[in-house]
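# An overview of the molecular structure
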Amino acid sequence: MNPFSSGTRLRDMIRAIRACKTAAEERAVVRKECAAIRSAISENDQDYRHRNIAKLMFIHMLGYPTHFGQMECLKLIASAGFPEKRIGYLGLMLLLDERQEVLMLVTNSLKQDLNHTNQYIVGLALCALGNICSAEMARDLAPEVERLLLTRDPNIKKKAALCSIRIIRKVPDLAENVLSQAASLLKEKHHGVLIAGVQLCTDLCKVSADATKYLRKNCTEGLVRILKDVSNSPYAPEYDIAGITDPFLHIRVLRLMRMLGQGDADTSESINDILAQVASKTESNKNAGNAILYECVETIMGIEATSGLRVLAINILGRFLSNRDNNIRYVALNMLMKAIAVDSQAVQRHRTTILECVKDSDASIRKRALELVFLLVNDTNAKPLTKELVDYLEVSDQDFKGDLTAKICSIVEKFSQEKKWYIDQMFKVLSLAGNYVKDDVWHALIVAIGNAPDLQGYSVRSLYKAFQTSSEQVSLVRVAVWCIGEYGEMLVTNVGVLEVEEPMTVTESDAVDVLEDCLTRHSSDITTRSMSLIALLKLSSRFPPTSERIKEIITAHKGSVVLELQQRAIEFNSIIQKHQNIKSSLVERMPVLDESTYIAKRTSSSQADIVADKSTQPSSAGTSLKLPNGVSKPAAAPLVDLLDLSSDDTPVPTSTSNDFLHDLLGIDLTNSSSSGTAPTAGTDILMDLLSIGTTPVQSNAAPEIVSSNKAFAPTSKPAPTTVQVVDLLDGLSSNGSHSEAQTPIYPSITAFQSSTLKITFSFTKQPEKPQVTQIQATFMNLSSDAYADFIFQAAVPKFVQLQLDPASSNHLPASGNGTITQTLTVTNSQHGQKALAMRIRIVYKVNNQEKLEQGQINNFPSGL
Amino acid sequence: MGIRFVLLVNKQGQTRLAQYYAEHLTLDERRALEGEIVRKCLARNDQQCSFVEHRNYKIVYRRYASLFFLVGVDNDENELAILEFIHLFVETMDRHFGNVCELDIMFHLEKAHFMLEEMVMNGCIVETSKSNILAPIQLMDKAS
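Named according to an unreviewed UniProt entry, chain B is AP complex subunit sigma originating from Canna indica. In its Subcellular location (unreviewed entry) section, the UniProt entry covering chain B states "Endomembrane system". For the record of chain B, the UniProt heading Sequence similarities (unreviewed entry) holds the text "Belongs to the adaptor complexes small subunit family."

The name an unreviewed UniProt entry gives chain A is AP-1 complex subunit gamma, with Canna indica as the organism. According to the UniProt record, the Function (unreviewed entry) comment for chain A is "Subunit of clathrin-associated adaptor protein complex 1 that plays a role in protein sorting at the trans-Golgi network and early endosomes (TGN/EE). The AP complexes mediate both the recruitment of clathrin to membranes and the recognition of sorting signals within the cytosolic tails of transmembrane cargo molecules." According to the UniProt record, the Sequence similarities (unreviewed entry) comment for chain A reads "Belongs to the adaptor complexes large subunit family."

Here it is, written out as structure tokens:
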């Protein structure tokens, strides 16, 4: 040993790693070793290359990066000695994969070694090639491998055969070249060659139909003979496993027979006898025998077997299924899945046993059995099976509930023949495992309820009852909330009671209790709570006696820290307080969604994205509003529907979802149709919200919202792209101070806009005087008449000083054909603590008539 | 395809041998996969079946003393045969090392790999005779 070598022996390194008590220690040891190996590599140390790669293999196994050793492997492969080559090839297979460019460099060494005189070296090269070769290498080296398929040595032959599998998988065109050689491999005696040959033939069948034809013709007999030989062979110690000679070969042959017999009556017929022999004679008390029987049954199910043979196979299946060994039961379930296509009657006979397996304690068996039950369900047995599964749902493991729920839901949806059954089952599932139900499932349920007028009362009452016991199941709660909101009166007045129902008395305040409970419960998510708010709004018009209480609940949420809830509460509050006249039409029932189009939509989008899926839901009033203001959402039809109800006074020609907000606020503008229809190029409808100043009604409403809202005002973002959104939010907020905007660049804002006038502010600030802001105001006339004697006035809070410079003109041309600019200098004495605010007043003359517009600007970028 | 990977893991969940076939996993993916599988398999008891479904693999596992042998296979592979294969692998190592234990595999990792290499190529079983598998290894031992 080289005394100057700093490296440790492999043994010592492994000991050191084993001695590590923590992951950190292990990392330290590995880092040290890697450093030593790296320096050895850079010094081109030949003596320890071999050892270094062995170390790297170990380090690689532990999961550390070892790419720096890749070139060393190539050097080892290129060296002459067998041990070096051996470890080099092993390193190559472990440390490299075919994406590595290094692989190109090894092609030449491989080619040399494939032509080596030493059979072991040839074997090494074949093995490496078989494990790692890329398509390019496959093309380069295929001739060598084809030649090696013809050698005498069985060890080389078997490896060449497996190497060919990799090659034809990478380059299917090369399959033709090995076809005849592959067929002749099946005439060999050596088991290794046979098993490799059989696998090569199987792969040839996979890549080419011509090959399948060829092999059917030339190999069927050979396969029968092989199988006969191994199954009848006397004791062969080398290949014996539990009294059976080479079960692996059995299985591979049976598998190839399945490929060849599939859809081919002649081949199937010629292998019928041997399959019958294997199926009836193989011992089934050991694992090896069962493995063969398992494969044999699969083959019988896969080919055009005679009915007698099928009966034999089905009997084996029955035996497997009743076996006490869980492994055997597992594969039995697997086989039944395949058998169901061939003989579903036979599988149906085992239904009870399979149902028992669904309830097994073993997760793997449960999963298989559940898949199988799902395949077994048909119109006649759907009801009892669903009942069984639903009953089991109650007691099943938590981690199995997800799978089970999904399957039950899809069975119920697929096989329901009557609505009531569907609704009943879904309610059961929701109350047992509502937390596992996917959104689209309960959305579909709501659509179904909406389409069943005679069951709506029943549904809402059942849900009310279920809620009392299962209020922790999210999706149950959501459906209940939705139904109470929509059909609340049926809950109280007991409309459409079915015979099966028990009579119950629910008062109006009980129904409100449920919703209040959902709203205040901490565990409830925002979606549920938002839905509850909507439901409350609806109830407030349906249950007049409770409207005072509902108003209180809604008012309580005006201060919610959750933006979504806060916004809803404020909007709903203003509907309740100010717009009693339209409230009842506003909270009418949701229009019924057409069930068939809904289902079609759902199936088409079920694999697409969830977002799209959600927007088709009837309850998207609950879901789509999750995004602040729903601005970025695609158009959602139900929303528009809702809005249409309110559009009696404000005609809304557009139908983008943005209209929702627009209209909701448009409610305030009931007598100003001009702003509702303002054609601002359709770009920023939200901008219309700022037309707040146009009518007296509006300007009164705005400050009040501001006041209610101060404490929880959302901070605005000074990004130019979101200006419209900011405008909206700021219309409601007092613009809380913002610390991050220290840069002296501020986005311009639209300070004021009405149907006739638009004012934009742009800001400049000198860094040394943070309190002082110069505002350049630009006025634009949006009407078709020119304005004369244009005067702009502004007022600011006491802590701000304002200086107005003369305007550039007092005449504003029509239709935006010119602007007036005016500079304002603002000094904020409480800079950084209080935000800027401004009231403005504009006076001008149109056709000699005096006009006045005024408003408040709260949407200044923060930091001014 | 057949076998996708062979893993040897001890009771503590430390990997003792890992061989992947035609699986291009990055180091992180590999570590994550091994961790998930090992957690799943180690949590199961003796009565439960030896098969676990994970991602798109089926894992056939068998426990020998403190070592777990885990073989990831395609969904259409014969699980029972893989169980037999694991046993064959253990018997082969046993014949070579004599009462093979975890330490034998740790300190002779390359030998264990050589054996596996003789048995499986590119995910296909290539040799099932123990003496055929061990012949090249013994030859090399004699030469060195």
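### Regarding the overall build of chain B
Across its full length, chain B carries 5 helices and 7 strands. Along chain B, helices and strands appear, N-terminal first, in the series β-β-α-β-β-β-α-α-α-β-β-α. Put simply, chain B has 144 residues, and 65% of those count as buried. Sequence-distant contacts in chain B: of pairs separated by 6 or more residues, those separated by 24 or more amount to 49%. Entry remark: accessible area of chain B is about 5,100 Å², with carbon and sulfur atoms responsible for 46%.

### Here's the deal with the overall build of chain A
If you tally the helices and strands in chain A, you get 39 helices and 10 strands. Relative to its full complement of 864 residues, chain A shows a buried share of 55%. Here chain A displays about 37,200 Å² of accessible surface, and carbon together with sulfur accounts for 52% of that area.

### Digging into the pattern of salt bridges
Inspection of the entire model under this criterion finds 44 salt bridges over all chains. A salt bridge links Arg4 of chain B to Asp74 of chain B, with the shortest nitrogen-to-oxygen separation between them at 2.4 Å. Taken as a pair, Arg4 of chain B in strand 1 (residues 3–10) and Asp74 of chain B in the loop between strand 5 (67–73) and helix 2 (79–97) lie far apart in primary sequence, 70 residues in all. Of the two residues examined, Arg4 of chain B and Asp74 of chain B, each falls in the buried class. Shared partners join several salt bridges into a network, and the residues in it are Arg252, Arg255, Arg258, Glu295, Glu298 and Lys338 of chain A together with Glu77 of chain B.

### Notes on the sheet that holds strand 5 (residues 772–781) of chain A
Residues and elements named next belong to chain A. As summarised here, the arrangement of the 5 strands in space is 3-4-5-8-7, forming an open sheet in which the pairing is antiparallel. Strand pairing shows two members of the sheet lacking a second neighbour, strand 3 (749–753) and strand 7 (800–804), which therefore form its edges. Strand-to-strand twist in this sheet, taken as the mean axis angle between neighbours without regard to direction, amounts to 25°. Sheet topology note: the strand 3/strand 4 (residues 757–765) ladder contains 4 bridges and is antiparallel. For Ile749, the partnering residue across the bridge sits in strand 4 and is Phe761.

### So, the sheet that holds strand 10 (residues 849–857) of chain A
All names here are of chain A. Across the sheet, 3 strands lie side by side as 6-9-10; this open sheet has antiparallel pairing. In the strand order of this sheet, the two ends are held by strand 6 (787–795) and strand 10, each with one partner. Direction aside, the axes of adjacent strands within the sheet are offset by 15° on average. Sheet analysis places strand 6 next to strand 9 (residues 838–846), joined by 7 bridges and oriented antiparallel. In the sheet register, Tyr787 faces strand 9, and the bridge partner there is Val846.

### Side note on the interface of chain A and chain B
Counting from both sides, the interface comprises 66 residues of chain A and, opposite them, 57 residues of chain B. When chain A packs against chain B, close to 5,700 Å² is buried across both sides, 54% of that on carbon and sulfur atoms. For chain A, the biggest contributors to the area lost against chain B are Met61, Arg86 and Phe248 of chain A; these three give 12% of the whole. Where chain A touches chain B, the interface holds 9 salt bridges.

### Section: the nonpolar core
Core analysis: the biggest nonpolar cluster contains 275 residues, and Leu204, Met257 and Ile354 of chain A together with Ile3 and Leu70 of chain B have the highest contact counts within it. When sequence neighbours within four positions are dropped, the list of residues in contact with Ile3 of chain B reads Tyr21, Val71, Gly72, Val73, Ile82, Phe85, Val120, Gly123 and Ile125 of chain B. Counting 29 residues, the second largest nonpolar core, distinct from the first, contains Ala777, Val826, Ile842 and Ile857 of chain A.

### Examining the pairing of strand 8 (residues 819–828) of chain A
Residues and elements named next belong to chain A. With 9 bridges joining them, strand 5 and strand 8 adopt antiparallel strand pairing. Along strand 8, the bridge assignment pairs Met780 with Thr819. Taken together, the 5 bridges between strand 7 and strand 8 define a ladder with antiparallel strand orientation. Residue pairing across strands places Val800 opposite Asn828, the latter belonging to strand 8.

### Regarding the packing of helix 10 (residues 175–185) of chain A against helix 12 (residues 209–232) of chain A
Residues and elements named next belong to chain A. Running from N to C, helix 10 and helix 12 cross one another at 30°; their axes reach a closest spacing of 11 Å. Taken together, helix 10 and helix 12 sit at an angle that is classed as roughly parallel. Crossing hand, helix 10 versus helix 12: right-handed. When helix 10 is examined against helix 12, the residues Leu179, Ser180 and Ala183 are found in contact with a partner set consisting of Ala211, Tyr214, Leu215 and Cys219.

### Regarding the pairing of strand 1 of chain B
Residues and elements named next belong to chain B. For strand 1, the buried fraction is high: 8 of the 8 residues fall into the buried class. As judged from the 7 bridges shared by strand 1 and strand 5, these two strands associate in the antiparallel manner. In the strand pairing of strand 5, Ile3 is matched with Val73. Two elements, strand 1 and strand 2 (residues 15–20), share 5 bridges in a ladder whose sense is antiparallel. If you follow Phe5 over to strand 2, its bridge partner there is Tyr20. Here strand 1 folds back onto strand 2 in antiparallel fashion, the turn holding 4 residues, of which Gly13 has a positive phi close to 90°.

### Overview of helix 14 (residues 265–281) of chain A
Residues and elements named next belong to chain A. An ideal rise of 1.5 Å per residue puts 24 Å on 17 residues; helix 14 measures up with 24 Å between its terminal C-alpha atoms. Most pronounced at Asn272, the bend in helix 14 amounts to some 40°. Among all positions of helix 14, only Thr267, Ser268, Ile271, Asn272, Ile274, Leu275, Gln277, Val278 and Ala279 are buried. Against the buried residues of helix 14 lie helix 12, helix 13 (247–261), helix 15 (287–302) and helix 16 (307–321). Sitting at the head of helix 14, Asp264 places a side-chain oxygen 3.3 Å from the backbone nitrogen of Asp266.

### A word on the side chain of Arg16 of chain B
Along the polypeptide, Arg16 of chain B turns up in strand 2. With a relative accessible area of 7%, Arg16 of chain B lands in the buried category. Reaching out from Arg16 of chain B, the side chain makes a polar contact with the side chain of Glu102 of chain B at a distance of 3.0 Å. Those residues in contact with Arg16 of chain B that lie beyond four places of it in its chain are Met61 of chain A together with Leu8, Val9, Asn10, Leu67, Glu102, Ile105, Met106 and Leu109 of chain B.

### Thoughts on the packing of helix 22 (residues 398–415) of chain A against helix 23 (residues 419–433) of chain A
All names here are of chain A. Close contact between helix 22 and helix 23 brings their axes to 10 Å; oriented N to C, the two are set at 170°. Classed by the angle they form, the pair helix 22 and helix 23 counts as roughly antiparallel. Judged by residue contacts, Lys401, Thr405, Ile408, Cys409, Val412, Glu413 and Phe415 of helix 22 engage Trp421, Tyr422, Gln425, Met426, Val429 and Ala433 from helix 23. Partitioned by chemical class, the residues of the contact of helix 22 with helix 23 number 9 nonpolar, 2 polar and 2 charged.

What counts and what doesn't
Residues numbered from 1 in each chain as written. Chains lettered and ligands numbered in written order. Predicted model: local features only at pLDDT ≥ 70, side-chain atom pairs only at ≥ 80, totals over all residues. Heavy atoms only, no water. UniProt positions renumbered as here; feature names shortened; annotations may be inferred. Helix = DSSP H or I, 4+ residues; strand = E, 2+ residues; numbered from the N terminus. Buried < 20%, exposed > 50% of the residue type's maximum accessible area, 1.4 Å probe, protein only. Contact = heavy atoms within 4.5 Å. Areas by Shrake-Rupley, 256 points an atom, 1.4 Å probe, with all protein chains shown as cover. Salt bridge = Lys/Arg side-chain N within 4 Å of Asp/Glu carboxyl O. Pairing = 2+ DSSP bridges. Axes fitted to C-alpha atoms, helices over the stretch in contact; angles between N-to-C directions. Buried area = accessible area lost by both parts, 1.4 Å probe. Core = buried A, V, L, I, M, F, W, Y, C linked by side-chain atoms within 4.5 Å. Parallel < 35°, antiparallel > 145°, perpendicular 65-115°, else oblique. Left-handed = near helix turned anticlockwise from the far one by under 90°. Expected span 1.5 Å × (residues − 1). Bend = angle between axes of the 7 residues up to and from the residue. Polar contact = N/O pair within 3.5 Å; in protein donor to acceptor, adjacent residues only side chain to side chain. Nonpolar A, V, L, I, M, F, W, Y, C, P; charged D, E, K, R; others polar.

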